[in-house]
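In case you want the letters, here they are:
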Amino acid sequence: MLQVRDGNDPLLKRPFSLFRTIAGGIQLLYRIQGKGTTLISQLAAGDVVSLLGPLGNAYPVQGAASAASVSPPVIIAGGVGIASVFPLIESIHEVMHQSTRDTMNGGATVIYGARTAEELLDLDELKALSKELHVCTDDGSSGEKGNVLDLLKSIVPAEAGVLPVMYACGPKPMLRAVAEYAGSLGAKTYLSMEEHMACGIGACLGCVVKTKSKGQDVDDSADIEKSTEWKYQRVCMEGPVFNAEDIVW
Ligand SMILES: Cc1cc2nc3c(=O)[nH]c(=O)nc-3n(C[C@H](O)[C@H](O)[C@H](O)COP(=O)(O)OP(=O)(O)OC[C@H]3O[C@@H](n4cnc5c(N)ncnc54)[C@H](O)[C@@H]3O)c2cc1C
Ligand code: FES
C-alpha cells in the first residue's frame, strides 16, 4: 500500500504488487489510472514515499514445480497483472532449474495479453524465464490478435489429458473467463483478485469478494457477513490469491 505523497490528498494509500526485488530495494510496476498513479508518475529520483507491506498472501507454488515435468504450470497475465505474476514466473523457473538443472526448458507456460504492443513489457526476460511464452494483443500489434482466453483454449484444450496448475492476474472479466474455463476442465487454478482498497490491513472491509462458504477457511474472528452458501473474504488479508473454484462471481 503506497502513500503517493505526503498529506491527505489523496487520503488513501494505493495497492500495488511486488513486481521485483532488486539489490537494495523493490520495484513496483504501475499503469497510470487516475489521480494517485498520475502523482506517482511525477515522482523524481530520490523522492521519499511511505509504504505499508508486504501484505496479504502469495501464489502457492508447492507441487506445481514437481508436477511440471508432466505438465508445466500455466501462468496468465492480462495487462499490468504481469507485475503480480512476474515473481511467480521467476520462482517456478528457479525451482525447476534447481530440480532439473535444465536451463533451456525449465519454467512455466506463460500467456501474456495486453491491449497493444506498447503495453507488453520485458518480453525477452519473460521468454528466458518461461518454458513457452505466448503473447496476444487486442489489436494484433504483437503476437496473436485476440485475448488470453483464446490462447489458453488452444494451449490447454478441453480434451487435454493432463491438466496443468494455472495462475492468473488481470482485469476481473478476464479472471472470470479463466475461472469458468478452468472450472469446466477441472484444472486447479489460483487467481489474484483486484478490488478497491482503503486500509489494506483487514479493518475497513472495503475489499471483500464473495466466496463459497466451503472454500479454504480464513480468520473467522473477522466480522464479515456470511450465509450457509457464501461468505465474504478480504482481498487484502485472505487474498489477493484465491482458489478460482471458491469465488462466487
Ligand atoms: C492487490 C492489488 C494489486 C495491484 N497491483 C497493481 C500493480 O502492480 N500495478 C498497477 O498498475 N496497478 C495495480 N493495482 C491497481 C491499482 O491499485 C490501481 O490502479 C490504483 O489504485 C489506481 O489509483 P489511482 O489513484 O491512480 O486511480 P483512482 O483515481 O483511484 O481510480 C481511477 C479509476 O480506476 C478505478 N480503480 C482504481 N483502483 C481500482 C482497483 N483496485 N480495481 C479496479 N478498479 C480500480 C477507479 O474505479 C477509477 O475508475 C492493484 C490493485 C490491487 C487490489
Ligand atoms: S482494504 Fe480494508 S479490509 Fe481490505
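Coordinates for the structure precede this section.
I will try to describe carefully the structure that is included in this document. (Residues numbered from 1 in each chain as written. Chains lettered and ligands numbered in written order. Predicted model: local features only at pLDDT ≥ 70, side-chain atom pairs only at ≥ 80, totals over all residues.)

Considerations on the environment of Ala160
- As for its position among the elements, Ala160 is in the loop between helix H4 (148-155) and strand S9 (166-169).
- Counting along the chain gives 25 residues from Ala160 to Leu185, while the straight-line C-alpha distance between them is 8.5 Å. (Helix = DSSP H or I, 4+ residues; strand = E, 2+ residues; numbered from the N terminus.)

A look at the site of ligand 1
- Neighbouring ligand 1 are 19 residues, the closest being Ser17, Gly34, Gly36, Thr37 and Ala83.
- Per-element tally for the shell around ligand 1: the top contributor is helix H1 (residues 35-41), with three residues.
- Split into classes, the residues belonging to the shell around ligand 1 amount to eight nonpolar, six polar and five charged. (Near = placed C-beta within 6 Å. Nonpolar A, V, L, I, M, F, W, Y, C, P; charged D, E, K, R; others polar.)

Description of helix H5 (residues 172-185)
- The first and last C-alpha atoms of H5 sit 20 Å apart over 14 residues, in line with the 20 Å expected at 1.5 Å per residue.
- Of the surrounding elements, those touching the buried residues of H5 are strand S5 (74-78), H4, S9 and strand S10 (189-192).
- Downstream of H5 by one or two residues, Gly186 has phi in the positive range, about 85°. (Expected span 1.5 Å × (residues − 1). Contact = placed C-beta atoms within 7 Å.)

Here's the deal with the sheet that holds S10
- Spatial ordering of the open sheet is given by S8-S7-S6-S5-S9-S10-S13, a layout of seven strands whose pairing is mixed. Across the chains shown, the open sheet's two edge strands, defined by having one partner strand only, are strand S8 (144-145) and strand S13 (241-243).
- As paired strands, S5 and strand S6 (residues 109-114) are joined by five bridges and run parallel to one another. When the sheet's bridge partners are listed, Ile75 is paired in S6 with Val110.
- H4 contacts S5, S6, strand S7 (132-137) and S8 of the sheet and is inclined by roughly 155° relative to S6.
- In this fold H5 packs onto S5, S9 and S10, with an angle of close to 170° to the strand it touches most, S10. (Pairing = 2+ DSSP bridges. Axes fitted to C-alpha atoms, helices over the stretch in contact; angles between N-to-C directions.)

Purely spatial values, then, with no claim about function.
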